[in-house]
Amino acid sequence: MTGRQGRAIAVLVAAVTLLAGCGGSAGSAGSAGSAAPARAATATPSPAADVSALPPCPTLADARPRADGLPALRLECLGAGPAVRLSDLRGTPMVLTVWAAWCTNCAREAALFTALHRKAGDRLRFFGVHYKAERGYGLAAARDFGVFYPSVHDADGDRTVRALRATAPPQTFFVTADGRVAEHHVGEITSEHQLESLVSRYLGVSV
């Protein structure tokens, strides 16, 4: 973890008494994950919401939801831009990550996504769902983690948990260009090789 990440996490721990909530082990969708910690009552103010920390969310055409695809869950953009319905994310193979400001595993994964993005370019879309923390914390963490992709936001996480069955971050969905969820990976992806192998196997994109 970099010094910037450490400072961000220290602030977040004081605000939400966290870290126990990250799903620490990698696995398939059937793996068990830890529930996120309950938000503690605190007088610590939320960081200012700096929307420049992330690229804006895209404006998408409506697409008919698929039974084997992402749910028709509409969430507000974490940064600037319109709300996004997840089932409308079509056209390019996609790595969709469910992450949280207080998740150190997510910080490590963000670096892997950045490395893959540099190799794959516009052959892959990256998109995030940030949940279980206030918007200001999400934007502060996005800057500290080096998140380069737009994300939507679900402050209490309830809608995300119900729709995606994502009870603890990080979780990654590999979605084909036509909207099919080819794989739901639960837990941290721990190496560039592992991530590249998953993308090649489930999305057909080799780097």
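Please refer to the structure higher up on the page.
Residues numbered from 1 in each chain as written. Predicted model: local features only at pLDDT ≥ 70, side-chain atom pairs only at ≥ 80, totals over all residues. Heavy atoms only, no water.

**Student:** Go over the packing of helix α2 (residues 104-120) against helix α5 (residues 192-203) with me, naming the residues and quoting the values.
**Tutor:** Where α2 meets α5, the axes come as close as 10 Å, and the angle between the chain directions of the two elements is 55°. Regarding the angle of α2 to α5, the classification is oblique. Both α2 and α5 take part in a crossing whose hand is right-handed. Mapping the contact onto sequence places Leu-112, Phe-113, Ala-115, Leu-116 and Lys-119 in α2 and Glu-192, Leu-195, Glu-196 and Val-199 in α5. Split by residue class, the contact of α2 with α5 holds 6 nonpolar, no polar and 3 charged. (Axes fitted to C-alpha atoms, helices over the stretch in contact; angles between N-to-C directions. Helix = DSSP H or I, 4+ residues; strand = E, 2+ residues; numbered from the N terminus. Parallel < 35°, antiparallel > 145°, perpendicular 65-115°, else oblique. Left-handed = near helix turned anticlockwise from the far one by under 90°. Contact = heavy atoms within 4.5 Å. Nonpolar A, V, L, I, M, F, W, Y, C, P; charged D, E, K, R; others polar.)

**Student:** Provide a residue-level description of α5, including the pertinent values.
**Tutor:** Look at α5: 16 Å from first C-alpha to last across 12 residues, which is about the 16 Å you get at 1.5 Å a residue. By the burial criterion, the buried members of α5 are Leu-195, Glu-196, Leu-198, Val-199, Tyr-202 and Leu-203. One face of α5 carries all of its buried residues, which in axial projection span an arc of 160°. Opposite the packed face of α5, turned more than 90 degrees from it, sit the exposed residues His-193 and Arg-201. Those residues of α5 hidden inside the fold are in contact with β3 (94-99), α2, β6 (171-175) and β7 (181-186). (Expected span 1.5 Å × (residues − 1). Buried < 20%, exposed > 50% of the residue type's maximum accessible area, 1.4 Å probe, protein only. Arc of directions from axis to C-beta.)

**Student:** So what's going on with the pattern of salt bridges? Residues and values would help.
**Tutor:** Inspection of every chain in the model, using the stated rule, returns 6 salt bridges. One salt bridge connects Arg-66 with Asp-68, and the closest N-O pair in it is separated by 2.7 Å. (Salt bridge = Lys/Arg side-chain N within 4 Å of Asp/Glu carboxyl O.)

**Student:** I'd like a rundown of the sheet that holds strand β2 (residues 84-85), residues and numbers included.
**Tutor:** With mixed pairing, the 7 strands of this open sheet are ordered in space as β2-β1-β5-β4-β3-β6-β7. Where the open sheet ends on each side, the last strands, each with one partner, are β2 and β7. Across the sheet, helix α3 (residues 135-145) is in contact with β1 (74-77), β3, β4 (125-131) and β5 (151-154); its angle to β3 comes to roughly 125°. Contacts from α5 reach β3, β6 and β7 within the one sheet, and its direction differs from that of β6 by about 35°. (Pairing = 2+ DSSP bridges.)

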